[in-house]
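A look at the structure
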Amino acid sequence: MALGKGLVLVGLLIAAGGALLWWGVPLGRLPGDFVVRRGAFTFYVPLTTSVLISLAATLVMALLKK
């Protein structure tokens, strides 16, 4: 039973991410996502994107728990 809910959760998250990309939401380029470029070196910290994904996952898990 728990495995089934987990698979549904993963599927919903993948579908939601795909829908956001399809609608043109610029994931990874939001205010609060940091990029440091030094010559050929690039360091990327998707802070805001990570927070939004975490919130979405928390909402989906709360809905599935009911």
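Residues numbered from 1 in each chain as written. Predicted model: local features only at pLDDT ≥ 70, side-chain atom pairs only at ≥ 80, totals over all residues. Heavy atoms only, no water.

1. So, the packing of helix α1 (residues 2-22) against helix α2 (residues 47-65)
Following both chains from N to C, one finds α1 and α2 inclined at 140°, their axes separated by 11 Å at the closest point. Crossing geometry of α1 relative to α2 is assigned as right-handed. Where α1 abuts α2, its residues K5, L9, L12 and L13 lie against A57, V60, M61 and L64. A per-class count over the contact of α1 with α2 returns seven nonpolar, no polar and one charged. (Axes fitted to C-alpha atoms, helices over the stretch in contact; angles between N-to-C directions. Helix = DSSP H or I, 4+ residues; strand = E, 2+ residues; numbered from the N terminus. Left-handed = near helix turned anticlockwise from the far one by under 90°. Contact = heavy atoms within 4.5 Å. Nonpolar A, V, L, I, M, F, W, Y, C, P; charged D, E, K, R; others polar.)

2. Describing the confidence of the model for the chain
Looking at the chain as a whole, the pLDDT averages 82, with 92% of positions reaching at least 70. Looking over the chain, one finds the lowest element-wise mean pLDDT in α1, namely 81, and the highest in strand β1 (residues 34-38), namely 91. (pLDDT = per-residue confidence, 0-100.)

3. Regarding α1
Taking 1.5 Å per residue as the helical rise, α1 with its 21 residues ought to reach 30 Å, and the 30 Å between its terminal C-alpha atoms agrees with that figure. Positive backbone phi, approximately 90°, marks G24, located one or two places after α1. (Expected span 1.5 Å × (residues − 1).)

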